[in-house]
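Residues per chain are reported as follows:
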2 protein chains.
Amino acid sequence: MVSKMKLARVETGLTQAQLAKQVNATRQTIGLIEKGEYNPSLNLCIAISKALNKTLDDLFWEGD
Amino acid sequence: MVSKMKLARVETGLTQAQLAKQVNATRQTIGLIEKGEYNPSLNLCIAISKALNKTLDDLFWEGD
DNA sequence: ACAGAATGTTAGATATATATTTCATTATGT
DNA sequence: ACATAATGAAATATATATCTAACATTCTGT
């Protein structure tokens, strides 16, 4: 399944590298988070959410 | 300032040690997160949110 | 005042998120 | 088909979250 984060990023027209720069992360880190193979830190999740004009729940919360 | 997470924990009548056990963390880790001195992982934040019947936004999102 | 529980705090050890680098693969446009 | 951008993927290195253990402090009830 494709992550909500990836959907949000593509919708805003950002590339992985561009998003990474905005949140002070690397392209690889963004890619791994999108693939669900990482357990990112809260601060990074918040930075990503703000960069994509979403909230934590929007991107990282699973509706029971 | 006292964190929203601490308020939610106290409201549910849980001690730091009890919450820690439910989310497979240690009492010390819970204490440091409540004090805002940690940058916890997303998975831990999700576990804490569920244990306290809250969402990520409820506990870890700051209303701009 | 006392006892016990809850929380604070600190030091060292371990696990893992993240960075860095490099190369391969896939998409996009001309 | 070609060139370039975007993404995938793997190795090693570094930073830091988390654990463990121990002791100090504060709170709560009696």
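Residues numbered from 1 in each chain as written. Chains lettered and ligands numbered in written order. Predicted model: local features only at pLDDT ≥ 70, side-chain atom pairs only at ≥ 80, totals over all residues.

## Section: the confidence of the model for chain A
So, step 1. Mean pLDDT over chain A stands at 94; residues scoring 70 or higher make up 97%.
So, step 2. The ipTM assigned to the predicted complex is 0.91, against a pTM of 0.93. (pLDDT = per-residue confidence, 0-100.)

## Here's the deal with the protein's contact with DNA strand C
So, step 1. Taken together, 17 residues form the shell around DNA strand C, and within it Thr29, Pro40 and Ser41 of chain A together with Thr15 and Gln16 of chain B come nearest.
So, step 2. Among the elements of the structure, helix H3 (27-34) of chain A together with helix H2 (16-22) and helix H3 (27-34) of chain B are those that each provide at least two residues to the surface near DNA strand C.
So, step 3. Tallying contributions element by element places H3 of chain B first for the surface near DNA strand C, with three residues.
So, step 4. Looking at the surface near DNA strand C residue by residue, the class counts come to five nonpolar, eleven polar and one charged. (Near = placed C-beta within 6 Å. Helix = DSSP H or I, 4+ residues; strand = E, 2+ residues; numbered from the N terminus. Nonpolar A, V, L, I, M, F, W, Y, C, P; charged D, E, K, R; others polar.)

## Section: the interface of chain B and chain A
So, step 1. Contacts between chain B and chain A engage eleven residues on the former and eleven residues on the latter.
So, step 2. Sorting the residues of the side of chain B that touches chain A by element identifies helix H4 (42-51) and helix H5 (56-60) of chain B as the ones contributing at least two each.
So, step 3. Of the residues in the side of chain B that touches chain A, the class split is six nonpolar, four polar and one charged. (Contact = placed C-beta atoms within 7 Å.)

## A word on the protein's contact with DNA strand D
So, step 1. The environment of DNA strand D is made up of 17 residues, and the closest members are Thr15 of chain A together with Thr29, Asn39, Pro40 and Ser41 of chain B.
So, step 2. Of all the secondary structure elements, the ones that give two or more residues to the surface near DNA strand D are helix H2 (16-22) and H3 of chain A together with H3 of chain B.
So, step 3. With three residues, the top contributor of residues to the surface near DNA strand D is H3 of chain A.
So, step 4. A class-by-class count of the residues in the surface near DNA strand D yields five nonpolar, eleven polar and one charged.

## Considering H3 of chain B
Residue and element names in this part refer to chain B.
So, step 1. For H3, the set of buried residues is Ile30, Ile33 and Glu34. Viewed along the axis of H3, the buried residues span an arc of 100°, placing them on a single side of the element.
So, step 2. Positive backbone phi, at 75°, marks glycine 36, one or two positions downstream of H3. (Buried ≥ 20, exposed ≤ 12 C-beta atoms within 10 Å, placed from the backbone. Arc of directions from axis to C-beta.)

## Structural notes on the nonpolar core
So, step 1. In this structure, Cys45, Leu56 and Phe60 of chain A together with Cys45, Leu56 and Phe60 of chain B are the most contacted members of the largest nonpolar core, which totals 22 residues.
So, step 2. Counting residues per element, the ones that place at least two in this core are H3, helix H4 (42-51) and helix H5 (56-60) of chain A together with H3, H4 and H5 of chain B.
So, step 3. For leucine 56 of chain B, the residues in contact, after removing those within four places along its chain, are Leu56, Asp57, Phe60 and Trp61 of chain A together with Cys45, Ile46, Ser49 and Trp61 of chain B. (Core = buried A, V, L, I, M, F, W, Y, C linked by C-beta atoms within 7 Å.)

## A look at the environment of alanine 51 of chain A
Residues and elements named next belong to chain A.
So, step 1. If you trace the backbone, alanine 51 turns up in helix H4.
So, step 2. On the neighbour-count criterion, alanine 51 (18 C-beta atoms within 10 Å) is partly exposed.
So, step 3. Counting along the chain gives 37 residues from alanine 51 to leucine 14, while the straight-line C-alpha distance between them is 9.7 Å.
So, step 4. Not counting residues up to four positions away in its chain, the partners in contact with alanine 51 are Leu19, Gln22 and Val23.

## Quick word on unusual backbone geometry
So, step 1. With phi around 55°, asparagine 24 of chain A is a residue other than glycine that occupies positive phi space.
So, step 2. Residue placement: asparagine 24 of chain A occurs in the loop between H2 and H3.

## Here we look at the relation of the copies chain B and chain A
So, step 1. For these two chains of identical sequence, chain B goes onto chain A by a turn of 180° and a shift of 0.0 Å along the axis, with RMSD 0.0 Å. The operation mapping one copy onto its partner corresponds to a two-fold rotation axis. Considering only C-alpha atoms, the part of chain B nearest the rotation axis is serine 41 of chain B, at 2.1 Å.
So, step 2. Of all interface residues in chain B, 100% are interface residues in chain A too; the two copies therefore contact each other through one and the same surface. (Least-squares fit on C-alpha atoms with pLDDT ≥ 70 in both.)

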